[in-house]
There are 2 protein chains.
Amino acid sequence: MSVSDRIDQPMLLLNEVTARNNIQRMVEKVSRAGVRFRPHFKTHQSAEIGAWFREFGVERITVSSVEMAEYFAANGWQDILIAFSLNIRQLERIRALAGKVKLGLLVENLEAINALTQTPHFAADIWVKIDAGAHRTGVDWLETGKVADLINAIAQLPDLNFKGLLTHSGNTYHCENAQQVVSAFREGVEHINLVRQALQAKGFGKIEISVGDTPGCSLCNDLSGIDELRPGNFIFYDAQQLAIGSCTAEDIAVAVACPVVALHPERREVTIYGGAIHLSKDILEVDGTTSYGLVAFAKGEGWGAPVPGAFVRSLSQEHGILQFADDQGQQLKVGDLVCVLPAHSCLTVQLLRKYLTLSGRVISTMN
Amino acid sequence: MSVSDRIDQPMLLLNEVTARNNIQRMVEKVSRAGVRFRPHFKTHQSAEIGAWFREFGVERITVSSVEMAEYFAANGWQDILIAFSLNIRQLERIRALAGKVKLGLLVENLEAINALTQTPHFAADIWVKIDAGAHRTGVDWLETGKVADLINAIAQLPDLNFKGLLTHSGNTYHCENAQQVVSAFREGVEHINLVRQALQAKGFGKIEISVGDTPGCSLCNDLSGIDELRPGNFIFYDAQQLAIGSCTAEDIAVAVACPVVALHPERREVTIYGGAIHLSKDILEVDGTTSYGLVAFAKGEGWGAPVPGAFVRSLSQEHGILQFADDQGQQLKVGDLVCVLPAHSCLTVQLLRKYLTLSGRVISTMN
């Protein structure tokens, strides 16, 4: 029985060769630049896939939650940064983690540091989260005084080691081409370096800089002014990254295999078993069209190139509607599998919770 | 320790009293109309919550997947309709189910019936899925000939019992007020009744009609021309249903309790731990503003009324940004819990996988 014959409901296919190539390319790039690599594991969320990074010499990782830190700590990772502003409701779990691994934490306000002061102390590296212009969260990069106050407050707690300034150039996700990405990424790096310079002018000592977003890390060759890089999505990429220009279609390492349940050739649509609970409702915007992903036909044990003009037009809980630009949808029959290149691979992994490699091996995640 | 003190990460709160009231109201309405009730369990996905329906005399249920049918069959439900067009890749699992429970299936094309012909037979009720105007999937209601062909093909398989015509008036979800909903819902019912009449004029015998969508079932008092109702979302409702007018804010039975991690009063924003992996990226459109849900302050062991003008402005994987219209966000402190009334409760349940009742009991789901 072939791998595809075993698929009876939406399943996340993983091209292991492509994913490993994506890891290798980023490892080499970061290594050439002499920057420390701390890949974000929120994309794959898998101990087994995490081990592939170890083969490339990676020893430090980034996660997005305490739960994820606990999972990877239990799977042998010893140097973990939780890249999410400290949630003071989780201090007990964080303290337990700090007893097991070298832990990095993020703070962006005095309330978080006060909470650390008022509980039994533990050792951790502390990064100050800087808003370098994306305005999601963090201390505004223009508020150098606030940053200095935070560093001074951290210094009052001898177990804590102020490590540096961290930002996520989330605005690169809204760029439409490589040039815009490079410009937005470098602007963020320059802003955070201005904060560092201002602080050092005030007499603060060593301050490292940690940045990381897949578009910037993929497209920008100038990594000056950066001590640590934390991209995550690059291991799989996805249709959003393809649209931004961070990757080619061949670099996309995951696709959701979905059974075809109905054909509507009169409106060039195909109904698939594959909905919002499989693909997520994260969107892809290309040339004024909003969709939830691109469409590829099954090919061998994997998938082919994206079908020109075809996209996931709508999603309800379990249904997906594929829209074709021409008659290519008529290649499909009821019961076939069709592959969706998801808008956002991280959210799709979170929903589908396991992978099926093209050789038929199931890989689990923390979920 | 209070219930809220035990919450350290995004948690789905369930007001059991409100949910039971919502069930009771719909049961009474359907009963008054003399219509058969087959509530959709894809919203709550929980054996324990399913049992609440039994207390109101419900014995027949709707589910959206084979997996969900298997779960509820294992939890004692004996009459289950899988309201998703037959996925012929799952015939073995469907046959196993048909050996255990009275099973209803949906077909919308001859390919599905041919697949049933070519495998070992099993007994099931068969509904023909009609597209009554929403254009998601199903046989277009104007194509009476196609429907007749399907019924004739079903009749060739003696184990299968053609039951009737089924539709989902999905377009009521895009309505902006009660009047539009009633009009869209009744239009769908009329269309499917025209199909029935045309078929009966051709000599087909008994044909039942099954419809169901929460806006229509909540707002339309005229249930004539309907044999079976299948709403699901009404047990919890959500911010989308509130916007449509299907419910009041007091009828919303679920909210996601999220820890506050940062305050940005200068732009009236609050950063919460609660992102796309907790709330889903389904959107809420109110007065030209697109958001992912409404905001309520914690109150007692539950939550209060939606804060006027406040909404979830953006979501990334783990972060949510709350936007306030005024200074009300300043009531919140870092470490507080704030409640989000999600845009779409079904997808939020799917993501969070368990409930915490206001009395502190954890209720599991199939996930």
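The notes below deal with the structure included here. Note that the structure is predicted; figures quoted are calculated from it, not measured.

Our focus in this paragraph is the overall build of chain A. On a plain count of helices and strands, chain A comes out with eleven helices and 20 strands. What you see for chain A is a C-alpha radius of gyration of 22 Å, in line with the 21 Å of a compact globule of 367 residues. Considered along the principal axes of its C-alpha atoms, chain A spans approximately 70 × 40 × 35 Å. Across chain A, contacts joining residues at least 24 apart in sequence account for 66% of those joining residues at least 6 apart. With 33 positive and 40 negative side-chain charges, chain A shows a spacing of 4 Å between the two charge centroids.

A separate point is the nonpolar core. B:Leu14, B:Val128, B:Leu165 and B:Phe236 are the most contacted members of the largest nonpolar core, which has 123 residues in total. Aside from chain neighbours lying at most four places away, what touches B:Leu14 is B:Ala19, B:Ile49, B:Trp52, B:Phe236, B:Ala253, B:Val254, B:Tyr355, B:Leu356, B:Thr357, B:Leu358 and B:Ile363.

Rotating chain B by 180° about the axis while translating it 0.0 Å along that axis superimposes it on chain A, leaving an RMSD of 0.0 Å. When the rotation and shift are considered jointly, the pair of chain copies conforms to a two-fold rotation axis. Measuring from the rotation axis to each C-alpha of chain B, the shortest distance belongs to B:Lys281, at 2.5 Å. By residue overlap, the copies meet face to face through one surface: 100% of the interface positions of chain B are interface positions in chain A.

If the charged atoms of two oppositely charged side chains come close together, the side chains can form a pair. Residues and elements named next belong to chain A. Considering all chains together, one arrives at 50 salt bridges over all chains under this definition. As a salt-bridge pair, Arg-25 and Asp-251 come within 3.3 Å of each other at their nearest N and O atoms. Of the two residues, Arg-25 sits in helix 1 (residues 16-33) while Asp-251 sits in the loop between helix 9 (239-244) and strand 11 (254-264), which places them 226 residues apart along the sequence. For Asp-251, a relative accessible area of 14% translates into the label buried.

With that settled, consider empty space enclosed by the protein. The tally for this structure, following the rule as stated, stands at ten cavities of 30 Å³ or more. Approximately 110 Å³ is the volume found for the largest cavity. Along its surface, the largest cavity is lined by 14 residues, and A:Ser280, A:Leu351, B:Ala276, B:Ser280 and B:Leu351 are the ones closest to its centre. Elements supplying a minimum of two residues to the lining of the largest cavity: helix 10 (276-279) and helix 11 (345-352) of chain A together with helix 10 (276-279) and helix 11 (345-352) of chain B. Classifying every residue of the lining of the largest cavity gives eight nonpolar, four polar and two charged.

As a further point, take the packing of helix 1 of chain A against helix 2 (residues 47-55) of chain A. Residues and elements named next belong to chain A. As a packed pair, helix 1 and helix 2 sit with axes 10 Å apart at the nearest point and diverge in direction by 45°. Judged by the angle between their axes, helix 1 and helix 2 are oblique. Taken as a pair, helix 1 and helix 2 cross one another with a handedness that is right-handed. In this structure, helix 1 uses Glu-16, Ala-19, Arg-20 and Ile-23 to contact helix 2, whose residues at the interface are Trp-52, Phe-53 and Glu-55. When its residues are assigned to classes, the contact of helix 1 with helix 2 shows four nonpolar, no polar and three charged.

The next subject is the pairing of strand 19 (residues 354-357) of chain A. All names here are of chain A. Of the pairings in the sheet, the one linking strand 1 (residues 11-14) to strand 19 comprises two bridges and is parallel in character. Each bridged residue has a counterpart across the sheet, and for Leu-13 the counterpart in strand 19 is Leu-356. With three bridges connecting them, strand 19 and strand 20 (residues 362-364) associate as antiparallel partners. Looking across to strand 20, one finds that Lys-354 is bridged to Ser-364. The antiparallel hairpin formed by strand 19 and strand 20 contains four residues in its connecting segment, where Gly-360 sits at a positive phi of about 95°.

Under the counting rule described, the total for this entry stands at 18 aromatic pairs over all chains. Geometrically, the ring pair formed by A:Phe41 and A:Phe53 is tilted, given 4.9 Å between the ring centres and 45° between the ring planes. Taken together, the residues span a long stretch of sequence, with A:Phe41 in the loop between strand 2 (36-37) and helix 2 and A:Phe53 in helix 2 at a distance of twelve residues. Taking the centre distance of 5.0 Å and the plane angle of 50° together, the rings of A:Phe84 and B:Tyr273 count as tilted. Residue A:Phe84 is found in strand 4 (residues 79-85), and its partner B:Tyr273 is found in strand 12 (residues 269-273); the two belong to separate chains. Among the aromatic residues, those joined into a cluster by ring pairs are A:Phe37, A:Phe41, A:Phe53, A:Tyr71, A:Phe72, A:Trp77 and A:Phe234. Across from the ring centre of B:Trp77, 4.0 Å away, lies the NZ or CZ of B:Arg54, which sits over that ring.

On to the interface of chain B and chain A. With 57 residues of chain B at the interface, the matching set in chain A holds 57 residues. With both sides pooled, the region where chain B packs onto chain A buries about 4800 Å², and carbon together with sulfur makes up 49% of that total. The residue A:Asp282 makes a salt bridge to B:Lys281 at a minimum N-O spacing of 3.2 Å. Across the chain B-chain A interface, the total number found is 34 residue pairs in polar contact (both at pLDDT 80 or more). Of all the elements in the fold, those that place two or more residues in the side of chain B that touches chain A are helix 3 (66-74), strand 4 (79-85), strand 11 (254-264), strand 12, helix 10, strand 17 (319-323) and helix 11 of chain B. Residue contributions to the side of chain B that touches chain A peak at five residues, all from strand 11 of chain B. Split into classes, the residues belonging to the side of chain B that touches chain A amount to 19 nonpolar, 20 polar and 18 charged.

Reading guide: rules and limits
- Residues numbered from 1 in each chain as written.
- Chains lettered and ligands numbered in written order.
- Predicted model: local features only at pLDDT ≥ 70, side-chain atom pairs only at ≥ 80, totals over all residues.
- Heavy atoms only, no water.
- Helix = DSSP H or I, 4+ residues; strand = E, 2+ residues; numbered from the N terminus.
- Rg over C-alpha atoms; globule rule 2.2 N^0.38 Å.
- Contact = heavy atoms within 4.5 Å.
- Lys, Arg positive; Asp, Glu negative; His and termini not counted.
- Charge placed at Lys NZ, Arg CZ, Asp CG, Glu CD.
- Core = buried A, V, L, I, M, F, W, Y, C linked by side-chain atoms within 4.5 Å.
- Buried < 20%, exposed > 50% of the residue type's maximum accessible area, 1.4 Å probe, protein only.
- Least-squares fit on C-alpha atoms with pLDDT ≥ 70 in both.
- Salt bridge = Lys/Arg side-chain N within 4 Å of Asp/Glu carboxyl O.
- 1 Å grid on protein atoms, 1.4 Å probe; cavity = no way out; pocket = protein on both sides within 12 Å on 5 of 7 lines; lining within 4 Å.
- Points joined across faces, edges and corners; volume = space filled by probe spheres on them.
- Nonpolar A, V, L, I, M, F, W, Y, C, P; charged D, E, K, R; others polar.
- Axes fitted to C-alpha atoms, helices over the stretch in contact; angles between N-to-C directions.
- Parallel < 35°, antiparallel > 145°, perpendicular 65-115°, else oblique.
- Left-handed = near helix turned anticlockwise from the far one by under 90°.
- Pairing = 2+ DSSP bridges.
- Phe/Tyr/Trp six-rings, centres within 6.5 Å; stacked < 30°, edge-to-face > 60°.
- Lys NZ or Arg CZ within 6 Å of the ring centre and 35° of its normal.
- Buried area = accessible area lost by both parts, 1.4 Å probe.
- Polar contact = N/O pair within 3.5 Å; in protein donor to acceptor, adjacent residues only side chain to side chain.

Shape is all these values report; function is a separate question.
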